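# Analysis of the macromolecular model
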Amino acid sequence: MLEVIILAAGQGSRMQSRLPKVLHLLSGRPLIHYTLDAARAAGANQIHVVVGCGADAVEAAVQAPDVQCHLQAQQKGTGHAVQQAIGACHPDSTLLVLFGDVPLVSDRTLQTVVAAAEGGIAMLSAVVEDPSGYGRVVRDGQGEFSAVVEHKDASMVQHQLREINTGVLASRASSLADWLSRIQNNNAQSEYYLPDVLALAKADGIAVSVVVSDSALDTLGVNTPQQLEYLERQHQQVLAERLMAAGVFVADRARLDIRGSLGCGRDVSIDINVVFEGQVVLGDEVTIGAHCVIRNATIEAGVQVRPFTHIDGATIKAGAEIGPYARLRPGTEIGEQAKVGNFVEIKNVSLGTGAKANHLTYLGDATVGAWSNVGAGTITCNYDGANKYRTELGEGVFIGSNSTLVAPLSVASGGFVAAGSTITDDVASDQLAVARGRQSNVDGWQRPAKTKDKA
Ligand code: UD1
Ligand code: CA
């Protein structure tokens with residue numbers, strides 16, 4: 001049985017944030033969710049999360065049938081943190097310890113560490129360019145493991161060592177509990193250091209296996225906003241790389257952000273500076289123009305989304321054209337071949353097949369039938385300050401430019417509204433509705449003449 005303990009009690013003071021560190025977002029998800037995913041992918045039967053700072057919020061974020069939380073009321077170090085959970089583990093379990101602030105450790109690496117712990121104890125190290133801040137792996141003359149020395153306790157010579165402790169460690173639960181009961185806090189930070197168990201194991205004549213990571217992402221921890229940004233950029237490149245490997249045409253891997261899940265069909269192309277959030281699905285041959293933000297949307301085959309468009313909570317059927325500068329809000333369904341042009345805002349609307357709203361329009365709480373045309377500057381007045389009402393337009397309806405449609409209202413199929421009208425009464429299918437002051441032309445009109453200046 002494999003049990004995983006995830007340490008997540010620290011405040012993360014170097015983040016200088018009110019939010020507990022493990023709840024900061026990486027690609028739109030809390031850091032700790034990545035560690036949970038890695039634990040599960042490595043085969044965890046039971047997961048223990050040690051919580052402390054912001055315990056309630058962290059507990060709520062990790063809640064699941066295979067997760068148990070343990071409170072570390074005072075943060076006395078990583079060794080002390082593991083002690084808060086180890087009593088709940090089965091003595092014969094293999095125990096894997098992970099840090100909630102090291103999100104991108106791969107499950108393949110974790111499986112290697114678990115296998116290496118067989119009959120002893122194993123840790124994951126990495127050789128890095130800049131080891132400052134990390135615990136260093138000290139080896140003896142034969143290259144065998146001696147100890148992990150924390151940065152703050154290390155000598156000048158040890159500061160030069162570039163092999164660092166990633167924090168990942170595995171061992172039999174009962175053995176780890178024994179070593180933990182013997183660690184001391186006589187060090188620079190007066191903390192109970194988890195890696196001290198490794199030197200104790202060695203002193204007991206137990207084999208300490210050091211697995212050296214072959215992936216830079218395994219080791220990257222988040223302690224500062226700079227490190228979070230760095231990890232975000234690294235991770236986004238991995239996501240962009242995956243898309244391209246699946247045949248998606250990405251204009252610039254450094255100018256794409258996926259904060260959630262993105263599914264793509266064949267021959268999808270994505271221009272620069274596009275942000276995807278939540279669950280987004282793009283069908284075959286969809287093109288997304290530059291500078292779009294697209295959230296929780298299903299966009300079917302052949303749809304063209306032009307630059308600077310915002311989409312949130314919408315379904316767009318095959319062949320539709322959206323934007324530039326369009327805004328689709330939740331509850332929007334755009335029909336096949338429909339067109340939504342610049343500066344058009346649409347909310348909770350079903351726009352039928354081939355229907356058009358091409359310029360400067362607000363459609364809210366409405367149904368627009370197939371092949372209807374909504375002219376420039378049309379507004380649905382859907383709200384009276386207290387309640388919202390629907391506007392129903394049938395098929396082939398024509399709404400002239402600069403009309404206001406005061407809901408509740410219906411215009412039957414084929415109905416026609418003259419430009420500049422304020423429509424308050426229903427319009428039947430064979431009717432033209434005109435609601436505006438009539439034009440009168442004055443013959444022989446003299447323009448006002450300028451009065452002479454006094455000076
Ligand atoms: C730790 C390791 C260091 C390693 C580095 C890798 C120790 C003593 N040091 O240092 O060898 O190179 O990680 O990233 O283990 N936590 C608790 N309770 C506590 C203290 C910490 O739950 O009392 C949690 C933190 O929330 C965090 C993790 O343990 O998720 C690591 O703690 P942190 O203070 O960031 O340790 P580092 O200084 O990074
Ligand atoms: Ca850390």
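What counts, and at which threshold
As a convention, each chain's residues are numbered from 1 in the sequence order in which they are written. The naming scheme follows written order: chains are lettered A onward, ligands numbered 1 onward. Per-residue local features are limited, in this predicted model, to residues with pLDDT of at least 70; the limit for side-chain atom pairs, both in listing and counting, is 80 or more; totals at the level of whole chains, interfaces and linings are taken over all residues. Side-chain calculation: all heavy atoms of the structure are included, whereas hydrogens and water are not. Think of it this way: any DSSP run of H or I at least four residues long counts as a helix, any run of E at least two long counts as a strand, and we number them from the N terminus. Each radius of gyration reported is based on C-alpha atoms, and the globular scaling rule is 2.2 Å times the count of residues to the power 0.38. Exposure is judged per residue with a 1.4 Å probe applied to protein chains only, and the accessible area is read against the type maximum: over 50% gives exposed, under 20% gives buried, and values in between give partly exposed. The positive count covers Lys and Arg only, the negative count covers Asp and Glu only, and His and the chain ends enter neither. Every charge is mapped to an atom, namely NZ of Lys, CZ of Arg, CG of Asp or CD of Glu. Neighbouring residues are identified by heavy atoms, a residue being near a molecule or strand if any of them is within 4 Å of it. Whenever a nitrogen or oxygen atom comes within 3.5 Å of another N or O atom, the pair is scored as a polar contact, on the condition that within protein one atom can donate a hydrogen and the other can accept it, and that pairs from neighbouring residues in sequence are kept only if both atoms are in side chains. With residues, only the protein chains shown are counted as cover, and all accessible areas are computed by Shrake-Rupley using a 1.4 Å probe. Three classes are used: nonpolar for Ala, Val, Leu, Ile, Met, Phe, Trp, Tyr, Cys and Pro, charged for Asp, Glu, Lys and Arg, and polar for all others, with Gly counted as polar. Any nitrogen, oxygen or sulfur atom within 2.8 Å of a metal ion counts as a donor, with the limit raised to 3.2 Å for Na, K and Ca, and since water is left out, coordination shells can look unfinished. In this entry, domain limits derive from an automatic or database-based domain assignment. A contact between two residues is defined here by any heavy atoms of the two lying within 4.5 Å. Throughout, the accessible surface (probe 1.4 Å) given up by two parts as they are put together, summed over both, is called the buried area. Whenever a carboxyl oxygen of Asp or Glu lies within 4 Å of a side-chain nitrogen of Lys or Arg, that contact is scored as a salt bridge. Only buried residues count toward a nonpolar core. Its members are Ala, Val, Leu, Ile, Met, Phe, Trp, Tyr and Cys residues joined through side-chain atoms within 4.5 Å. Patch members must show over 30% relative accessible area and no salt bridge, and they are joined within 9 Å when carrying like charges or within 5 Å when they are nonpolar side chains of Val, Leu, Ile, Met, Phe, Trp or Tyr. Directions are taken from the helix axis to each C-beta atom, and the arc is the one they span. Only Phe, Tyr and Trp rings are paired, with Trp represented by its six-membered ring, and only when their centres lie within 6.5 Å; those with planes under 30 degrees apart are stacked, over 60 edge-to-face, the remainder tilted. Geometrically, a lysine NZ or arginine CZ counts as sitting over a ring once it is within 6 Å of the ring centre and also within 35 degrees of the ring normal.

## Quick notes on the overall build of the chain
Looking only at helices and strands, the chain has eight helices and 33 strands in total. In terms of C-alpha radius of gyration, the chain reaches 32 Å, well past the compact-globule figure of 23 Å for 455 residues. For the C-alpha atoms alone, the extent of the chain along its principal axes is close to 110 × 65 × 45 Å. Residue burial in the chain is summarised as follows: out of 455 residues, 46% are buried. Considering the chain, the positive charge centre built from 36 side chains and the negative charge centre built from 47 side chains are found 9 Å apart.

## Some remarks on the site of ligand 1
Among the 23 residues in the neighbourhood of ligand 1, the closest are listed as Gln72, Gly77, Thr78, Glu150 and Asn165. In the environment of ligand 1, an oxygen atom lies 3.0 Å from a nitrogen or oxygen atom belonging to the backbone of Ala9. Thr78 is positioned such that a nitrogen or oxygen atom in its side chain is 2.7 Å from an oxygen atom of ligand 1. Across the complex, the protein chains shield 89% of the 750 Å² of accessible surface that ligand 1 would expose by itself. Looking at the shell around ligand 1, the elements with two or more residues in it are β1 (2–8), α3 (78–86) and β10 (163–172). Classifying every residue of the shell around ligand 1 by side-chain character gives eight nonpolar, ten polar and five charged.

## Observations concerning the coordination of the calcium ion (ligand 2)
Note on the calcium ion (ligand 2): its protein donors are Asp101 (OD) and Asn223 (OD1). The metal-donor distances range over 2.6 Å. Here the residue Asp101 occupies a position in the loop between β6 (94–99) and α4 (107–116), and Asn223 occupies one in the loop between β11 (208–212) and α8 (225–245), the gap between them amounting to 122 residues. Overall, Asp101 belongs to the buried group, its relative accessible area being 14%.

## Comments concerning the domain arrangement of the chain
Each assigned domain of the chain is listed here: domain 1 (2–218) and domain 2 (225–433). Tallying the contact residues gives twelve residues for domain 1 and twelve residues for domain 2. Ranking the residues of domain 1 by area buried against domain 2 places Met15, Ser27 and Leu217 at the top, with a combined share of 49%. Our enumeration of links across domain 1 and domain 2 arrives at zero salt bridges. Counting the contacts that link domain 1 with domain 2 gives two residue pairs in polar contact (both at pLDDT 80 or more).

## Observations regarding the pattern of salt bridges
Counted under the stated rule, the structure contains 21 salt bridges. A salt bridge links Lys347 to Asp365; the nearest nitrogen and oxygen atoms lie 3.1 Å apart. Within this pair, whereas Lys347 is found in strand β23 (residues 339–351), its partner Asp365 is found in strand β24 (residues 356–368), the two being separated by 18 residues in sequence. Of the two residues examined, Lys347 and Asp365, each falls in the buried class. Between Glu392 and Arg390 there is a salt bridge, and its shortest N-O distance comes to 3.4 Å. You can call Arg390 partly exposed: its relative accessible area is 34%. Counted as one network, the salt bridges with shared partners bring together Arg259, Glu277, Arg295 and Asp312.

## A word on the nonpolar core
In this structure, Ile270, Phe276, Leu282, Ile288, Ile299 and Ile334 are the most contacted members of the largest nonpolar core, which totals 52 residues. No other element matches the five residues that β23 contributes to this core. Non-local contacts of Ile334, meaning those with residues more than four positions away in its chain, are made with Thr315, Ile316, Lys317, Ala320, Ile322, Leu328, Val340, Ile346 and Leu351. The next biggest cluster of nonpolar side chains, apart from the first, holds 31 residues, and it includes Val51, Val58, Val113 and Val114.

## What about a nonpolar patch on the surface?
Taken together, Phe308, Tyr325, Phe343 and Leu360 make up a surface patch of nonpolar side chains, about 410 Å² in accessible area. Following the sequence through the fold, Leu360 ends up in strand β24.

## Side note on α4
Of the residues making up α4, those classed as buried are Thr109, Leu110, Val113 and Val114. Each buried residue of α4 lies within a common arc of 140° when the element is viewed along its axis, so the set occupies one face. Projecting away from the buried face of α4 at angles above 90 degrees are the exposed residues Arg108 and Ala115.

## Focus on the packing of aromatic side chains
Taken as a whole, this structure holds three aromatic pairs when the rule is applied. When the ring of Tyr325 is compared with that of Phe343, the centres are 5.1 Å apart and the planes differ by 20°; the resulting orientation is stacked. On the criterion of sequence distance, the pair formed by Tyr325 in the loop between β20 (321–322) and β21 (326–328) and Phe343 in strand β23 is long-range, its members being 18 residues apart. On the accessibility criterion, Tyr325 (38% relative accessible area) is partly exposed. Classification of Phe343 by relative accessible area gives partly exposed; the value is 49%. An aromatic cluster is defined as three or more aromatic residues linked by ring pairs; in this entry it consists of Phe308, Tyr325 and Phe343. The ring centre of Tyr34 lies 5.0 Å from the NZ or CZ of Arg29, which sits over that ring. It is Lys388 that lies over the ring of Tyr383; its NZ or CZ is 5.4 Å from the centre.

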